[in-house]
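Chains, contacts and geometry: an overview
Chain by chain, the residues:
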Amino acid sequence: MAAMPSLKSREIKIVQDIPISKTLPFWEGLKQGKVLATKCKKCGKLYFPPVADCSQCLASDMEWVELSGEATIETFTHVVVRPTTFQHEKPYTVAIGRLKEGVRVLAWLTGFKLSEVKVGMKAKLVAKITPEGNLTYEFTRLE
Ligand SMILES: [Zn+2]
């Protein structure tokens, strides 16, 4: 059977449409240099990224809490072959850190030489505004 003639489609970038009404305080927090999580008022479970409803007790009564930022790096990966959307970036390191409060956060790890990055090391989770003006957060050196 002959293959159907086909053309490669253009690459498609997927932009997630995140409803911001319930997460607005999170973005406002980043603007002010704070990384916020949500905590269930009923059972006390902490969520990061923030969620509007507690999956543990199904309550929807959440409060915003500021994270300490104190993290221990649990795992990391150095990304040399970048996805298309990050082609303009230099090779970077992505890490999962466990915060003092118990939540795990996936974020870029910056400010370290690759040889310095070790599982179990301490890092600080900080709010950041990228040169493009996007609000984000990343792990960096303790000051
Ligand atoms: Zn709960």
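Everything below is about the structure shown above.
Now for a description of the structure that goes with this document. Computed from a prediction, not measured in an experiment: that's the story for all the values here. (Residues numbered from 1 in each chain as written. Predicted model: local features only at pLDDT ≥ 70, side-chain atom pairs only at ≥ 80, totals over all residues.)

**With respect to the nonpolar core**
Judged by nonpolar contacts, the single largest core of 19 residues is most densely connected at Leu125 and Phe139. Secondary-structure elements contributing two or more residues to this core are strand E1 (36-40), strand E4 (70-79), strand E6 (104-109), strand E7 (122-129) and strand E8 (135-140). A total of four residues in this core trace back to one element, the largest contributor, which is E7. Split by domain, the residues of this core number at least three in each of domain 1 (20-66) and domain 2 (68-143). Filtering out sequence-adjacent residues up to four positions away, Phe139 remains in contact with Ala71, Ala95, Gly97, Ala107, Trp108, Leu109, Ala123, Lys124 and Leu125. (Core = buried A, V, L, I, M, F, W, Y, C linked by C-beta atoms within 7 Å. Buried ≥ 20, exposed ≤ 12 C-beta atoms within 10 Å, placed from the backbone. Helix = DSSP H or I, 4+ residues; strand = E, 2+ residues; numbered from the N terminus. Domains from an automatic or database assignment. Contact = placed C-beta atoms within 7 Å.)

**What about the sheet that holds E4?**
Read around the closed barrel, the five strands follow the order E4-E5-E6-E8-E7; overall the barrel is mixed. Neighbour-to-neighbour, the strand axes of the sheet open up by a mean angle of 50°, direction not taken into account. With two bridges connecting them, E6 and E8 associate as parallel partners. Across the sheet, the residue bridging to Trp108 is Glu138, located in E8. (Pairing = 2+ DSSP bridges. Axes fitted to C-alpha atoms, helices over the stretch in contact; angles between N-to-C directions.)

**Thoughts on the sheet that holds strand E3 (residues 62-66)**
Taken in spatial order, the three strands make up an open sheet running E2-E1-E3, and their pairing is antiparallel. Single-partner strands in this sheet number two, and they are strand E2 (46-47) and E3.

**Some details on unusual backbone geometry**
Here Phe48 and Pro49 are connected by a cis peptide whose omega angle stands at -5°. Here Pro49 lies in the loop between E2 and E3.

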